[in-house]
Amino acid sequence: MIPDPVIPDDFATIVVDDTGMSGPAVPPIVQTSLFTFDSVDAFEAAFRAPERNPIYTRGLNPTVRNFETKLARLERADDARSFASGMGAISATLLGLLETGDKVVCVRNVYPDTYRLMTGLMSRMGIEAVFVEGTDLDAVRVAAAGAKILYLESPTSITFDVLDLPALSAIAREAGAISVIDNSWASPAFQRPIEHGVDLVIHSASKYLSGHSDTVAGIVCGRADLIAEINRVAYGSLGAKLSPFDAWLLVRGMRTLPMRMRQHHRSGLTIAARLADHPAVSDVRHPGLETGTGDTTLSGHSGLFAIRMRGGAPAARRFCDALKVVRLGVSWGGHESLAFPAQLGLIQPGMTNPFEAFGVPDDLVRLHIGLEDVEDLWRDIDAALARCDPQEEQEDTNMGVTT
Ligand SMILES: *Cc1c(COP(=O)(O)O)cnc(C)c1O
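These numbers come from a predicted model, not from an experiment.

K.L.:
Give me the overall build of the protein chain: which residues, what numbers.
P.N.:
Check the secondary structure of the protein chain and you find 17 helices and 12 strands. Taken over the C-alpha trace, the protein chain has a radius of gyration of 22 Å; the compact-globule value for 403 residues is 22 Å, and the two agree within 12%. Dimensions of the protein chain, computed from C-alpha atoms along their principal axes, come out at roughly 90 × 50 × 40 Å. A burial count over the protein chain gives 53% of its 403 residues as buried. Accessible surface, the protein chain as shown: approximately 17,300 Å² in total, 53% of it carbon and sulfur. For the protein chain, the centre of its 36 positive side-chain charges and the centre of its 51 negative side-chain charges are spaced 4 Å apart.

K.L.:
For the pattern of salt bridges, give the residues involved together with the corresponding values.
P.N.:
Enumeration according to the criterion identifies 22 salt bridges in this entry. For Arg 48, the salt bridge identified is with Glu 44, shortest N-O distance 2.7 Å. With Arg 48 and Glu 44 both in helix α2 (residues 40–48) and 4 residues apart, this pair spans about one turn of that helix. Judged by relative accessible area, which is 65%, Arg 48 ranks as exposed. In this structure, the salt-bridge partner of Arg 232 is Glu 229, at a minimum N-O distance of 3.2 Å. Placement of both Arg 232 and Glu 229 in helix α10 (residues 224–238) is noted, with a separation of 3 residues, approximately one turn of the helix. Arg 232 sits in the exposed class, given a relative accessible area of 61%. Residues participating in the shared-partner salt-bridge network are Asp 10, Arg 76, Arg 192 and Glu 195.

K.L.:
Quick rundown of the pairing of strand β2 (residues 103–107)? Include the residues and the values.
P.N.:
With 5 of 5 residues buried, β2 lies mostly within the body of the structure. Side chains Lys 103, Val 105 and Val 107 project from β2 onto one buried face, and the interleaved Val 104 and Cys 106 project onto a second face that is buried too. The sheet contact formed by β2 and strand β3 (residues 128–132) spans 5 bridges and is parallel. When the sheet's bridge partners are listed, Val 105 is paired in β3 with Val 130. Pairing geometry for β2 and strand β4 (residues 149–153), over 3 bridges, is parallel. Within the sheet, the bridge partner assigned to Val 104 lies in β4 and is Ile 149.

K.L.:
Talk me through the site of the ligand; I want residue IDs and the actual numbers.
P.N.:
Contacts to the ligand come from 14 residues, most closely from Gly 86, Met 87, Asp 182, Ser 206 and Lys 207. A distance of 2.6 Å is found between an oxygen atom of the ligand and a side-chain nitrogen or oxygen belonging to Ser 206. Taken by itself the ligand offers 380 Å² of open surface, and the protein chains cover 89% of this. At 3 residues, the largest contribution of residues to the shell around the ligand is made by helix α4 (residues 86–97). For the shell around the ligand, a count of residues per class yields 6 nonpolar, 5 polar and 3 charged.

K.L.:
Summarise the sheet that holds β4; cite the residues concerned and give the values.
P.N.:
An order of β1-β7-β6-β5-β4-β2-β3 is seen for the 7 strands of this open sheet, with the pairing classed as mixed. With partners counted over all chains shown, the strands left at the sheet margins are β1 (79–83) and β3, one partner each. Averaged over all adjacent pairs, the angle separating strand axes in this sheet is 20°, with direction ignored. This element, helix α3 (residues 62–74), spans β1, β6 (200–204) and β7 (218–222) of the sheet and lies at about 130° to β1. The sheet contacts of α10 involve β1, β5 (178–182), β6 and β7, and relative to β1 the element is tilted by about 30°.

K.L.:
If you had to explain the nonpolar core to someone new, which residues and values would you point to?
P.N.:
Nonpolar side chains in soluble globular proteins generally cluster together in the buried interior. Phe 67, Leu 94, Met 122, Ile 149, Tyr 151 and Leu 200 are the most contacted members of the largest nonpolar core, which totals 68 residues. Among the elements that line this core, the one with the most residues is α4, at 6 residues. The contacts of Ile 149, once residues within four sequence positions are left out, are Leu 94, Leu 97, Leu 98, Lys 103, Val 104, Val 105, Ala 177, Ile 178 and Val 180. Membership of the second largest hydrophobic core comes to 27 residues, among which are Val 284, Ala 339, Val 365 and Ile 381.

Rules used in this analysis
Residues numbered from 1 in each chain as written. Predicted model: local features only at pLDDT ≥ 70, side-chain atom pairs only at ≥ 80, totals over all residues. Heavy atoms only, no water. Helix = DSSP H or I, 4+ residues; strand = E, 2+ residues; numbered from the N terminus. Rg over C-alpha atoms; globule rule 2.2 N^0.38 Å. Buried < 20%, exposed > 50% of the residue type's maximum accessible area, 1.4 Å probe, protein only. Areas by Shrake-Rupley, 256 points an atom, 1.4 Å probe, with all protein chains shown as cover. Lys, Arg positive; Asp, Glu negative; His and termini not counted. Charge placed at Lys NZ, Arg CZ, Asp CG, Glu CD. Salt bridge = Lys/Arg side-chain N within 4 Å of Asp/Glu carboxyl O. Pairing = 2+ DSSP bridges. Near = heavy atom within 4 Å. Polar contact = N/O pair within 3.5 Å; in protein donor to acceptor, adjacent residues only side chain to side chain. Nonpolar A, V, L, I, M, F, W, Y, C, P; charged D, E, K, R; others polar. Axes fitted to C-alpha atoms, helices over the stretch in contact; angles between N-to-C directions. Contact = heavy atoms within 4.5 Å. Core = buried A, V, L, I, M, F, W, Y, C linked by side-chain atoms within 4.5 Å.

Here it is in structure tokens:
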């Protein structure tokens, strides 16, 4: 039996509560670049408190603020700031808090573009990045000495290792470092890192927060002083602001976040468990399979995990080609099921390829289990696996050999 996920009771109310925006059941999109004033006095009053008074949409916009307020409440944070993408949130957070000569300690198997930011642009600016195995607490403790930021992601990208957030945030605190986590996988429904001592929580809102694969957005939530610092140093100057229309789509998508996450949890675990018993699959990297949620800070599991194919990279390729209901694509967190073969990540050009750096195997396929009927999904996956089992692989190989 699949254990039920636990989502805090107030979530269902927070996601439909558009605080302070009375009138229409659905608050309007305040699609404007600027706000006008009737007098210099009123204009001046706004200038004296720009955090409360909309002046220009790159600074403050009511529709964008509605999304930020909701997410701060879900993450149990003082405040939040949203961005045009998850990478906008990650880069503004890191560049807003770090300077030349600083060190950031980052867990391995972090999101690939986060790795590229740290080893590319940040390294060029004289900010050092050290990568450590996040499950090795002693290694993290040693590396954290003298670090300004400890950057976490749990579960990690591609390998789905679950990290010990209370222990890691304590290590950061002892070292005098700010702890930051990318919480996109779990969403606040299944993990609230601030309750476990983490200082800042980042989301690619393009994933589960949106839930409908129709927008790219990001957000950082956390302590008021840290959000204020990111705001002051990086937000306005880097300018990766969220558009009012995208904020409106996010507010709309989040109204069903608790319901969607329950379904991703059930369907994801159902399919992962069946895959673990399938002869064509050599490994299933799903954080809920061995441990359940008992000894982790996860109160449920999303729909994203990875499998490895017994038949190697060619089998992974044939499996993906044979899928019909599950489509091929990057990203995840929407209504639709997706497959991504890691061999494509390995061929991406770049200064340093993160898949290569972290040793991601080429027989790995990442799956996102969406909201379609779970038995339709299983029939599709099972049929595709039948097309690439080791037996068939053998025959194909023999046929290919001409002597
Ligand atoms: C997609 C993703 C990001 C980047 O978010 P964008 O909105 O695409 O910029 C960051 N972290 C994780 C874990 C992601 O999956």
